[in-house]
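Inside the fold
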Amino acid sequence: NSITHMYSHLSRASCIRWFAPLCLQVPITRPDGDVELADAGHNFKVPHCTSCGGDRLKPDVVFFGDSVPKDRVERALSAAQTADLVVVVGSSLMVWSAFRLVKAAKEAGAKLAIVNVGPTRADDMADLKVEALAGEVMMQLAMHPNLLLPRI
């Protein structure tokens, strides 16, 4: 019933000076963080901080080597420990912060489904592994919400 964005998402940013969070009106975002700009960026304006007016913003994402905020980790761990099913989409789970959630869920009795191309750190724990491109699988699920999936 809930999604925790462990590493956040690109629709939020923080001011470098005041650390004030702000939501951004982001055009269509691709998985790699690029955006679609209809006019090739000619009229693009850098958003400004609503507190200080500055234009030095950092995407509100956890970069490699950064720590996931403690409150987010606690929410995710609590959700994992009470989940009936965990679905991992497009991740190798090689980073401990994600793998430990899967491990905690399995230890609490949850089922595990993985959609990924190539091996993951949790393949030996998976109740279902779909070797396919995550984007293609998610598109099919979005287009066919009544699609019957294997019972696990």
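It should be noted that the structure appears before, not after, this text.
Anyway, here's the lowdown on the structure attached to this text. (Residues numbered from 1 in each chain as written. Predicted model: local features only at pLDDT ≥ 70, side-chain atom pairs only at ≥ 80, totals over all residues. Heavy atoms only, no water.)

**Comments concerning the overall build of the protein chain**
- The helix and strand tally for the protein chain stands at three helices and six strands.
- Going from the N terminus to the C terminus, the protein chain shows its helices and strands as β-β-β-α-β-α-β-β-α.
- Within the protein chain, the proportion of its 152 residues that are buried is 24%.
- A separation of at least 24 residues holds for 53% of the contacts in the protein chain among residues at least 6 apart in sequence.
- For the protein chain, the accessible area works out to roughly 10,800 Å², and carbon and sulfur atoms hold 57% of it. (Helix = DSSP H or I, 4+ residues; strand = E, 2+ residues; numbered from the N terminus. Buried < 20%, exposed > 50% of the residue type's maximum accessible area, 1.4 Å probe, protein only. Contact = heavy atoms within 4.5 Å. Areas by Shrake-Rupley, 256 points an atom, 1.4 Å probe, with all protein chains shown as cover.)

**Here's the deal with the pattern of salt bridges**
- Inspection of the entire model under this criterion finds five salt bridges.
- In this structure, Arg75 and Asp71 form a salt bridge, with 3.3 Å as the shortest nitrogen-oxygen distance. In this pair, Arg75 and Asp71 both sit in helix α1 (residues 70–82), four residues apart, roughly one turn of the helix.
- Measuring nitrogen to oxygen at the nearest pair gives 3.0 Å for the salt bridge that ties Glu131 to Lys129.
- Glu131 sits in the exposed class, given a relative accessible area of 52%. (Salt bridge = Lys/Arg side-chain N within 4 Å of Asp/Glu carboxyl O.)

**A look at unusual backbone geometry**
- Of note, the phi angle at Leu93 is positive, near 60°, even though the residue is not glycine.
- In this fold, Leu93 is placed in the loop between β4 (85–89) and α2 (96–107).

**A few points about the packing of α1 against α2**
- Between α1 and α2, the shortest axis-to-axis distance is 7 Å and the interhelical angle comes to 30°. By the angle between their directions, the pair α1 and α2 is classed as roughly parallel. Viewed along their axes, α1 and α2 form a crossing whose handedness is right-handed. Counting all contacts with α1, which are made through Val73, Ala76, Leu77, Ala80 and Gln81, the residues of α2 involved are Arg100, Leu101, Ala104 and Ala105.
- Class assignment of the residues belonging to the contact of α1 with α2 gives a composition of seven nonpolar, one polar and one charged. (Axes fitted to C-alpha atoms, helices over the stretch in contact; angles between N-to-C directions. Parallel < 35°, antiparallel > 145°, perpendicular 65-115°, else oblique. Left-handed = near helix turned anticlockwise from the far one by under 90°. Nonpolar A, V, L, I, M, F, W, Y, C, P; charged D, E, K, R; others polar.)

**Examining the environment of Asp123**
- Within the element layout of this structure, Asp123 appears in the loop between β5 (111–115) and β6 (128–130).
- For the pair formed by Asp123 and Ser92, sequence separation is 31 residues and the distance between their alpha carbons is 9.2 Å.
- The residues touching Asp123, leaving out its near neighbours within four places in the chain, are Ile114, Gly118 and Lys129.

**Comments concerning the nonpolar core**
- The biggest cluster of nonpolar side chains holds 18 residues, and the ones touching the most others in it are Met6, Val86, Val88, Leu93, Val102, Leu112 and Ala122.
- Those elements that provide at least two residues to this core are α1, β4, α2 and β5.
- With five residues, α2 is the largest single contributor of residues to this core.
- Leaving out residues up to four positions away in the same chain, Val102 has contacts with Val86, Val88, Leu93, Leu112 and Ala122. (Core = buried A, V, L, I, M, F, W, Y, C linked by side-chain atoms within 4.5 Å.)

**Notes on a nonpolar patch on the surface**
- On the surface, Leu85, Val87, Val89, Met138 and Ile152 cluster together to form a nonpolar patch covering roughly 390 Å² of accessible area.
- Broken down by element, the nonpolar patch gets its largest block of residues, three residues, from β4.
- Residue Leu85 is classed as partly exposed on the basis of its relative accessible area, which comes to 44%. (Patch = residues over 30% accessible without salt bridge, like charges linked within 9 Å, V, L, I, M, F, W, Y side chains within 5 Å.)

**Description of the sheet that holds β4**
- Read from one edge to the other, the open sheet built from three strands follows the order β4-β5-β6, with strand pairing classed as parallel. Looking at which strands have only one partner, the edges of the open sheet turn out to be β4 and β6. Each strand of the sheet is rotated relative to its neighbour by a mean of 10°, with strand direction disregarded.
- Relative to β5, β4 is paired through five bridges, and the arrangement is parallel. Bridging from a neighbouring strand, Val89 pairs with Val115 of β5. (Pairing = 2+ DSSP bridges.)

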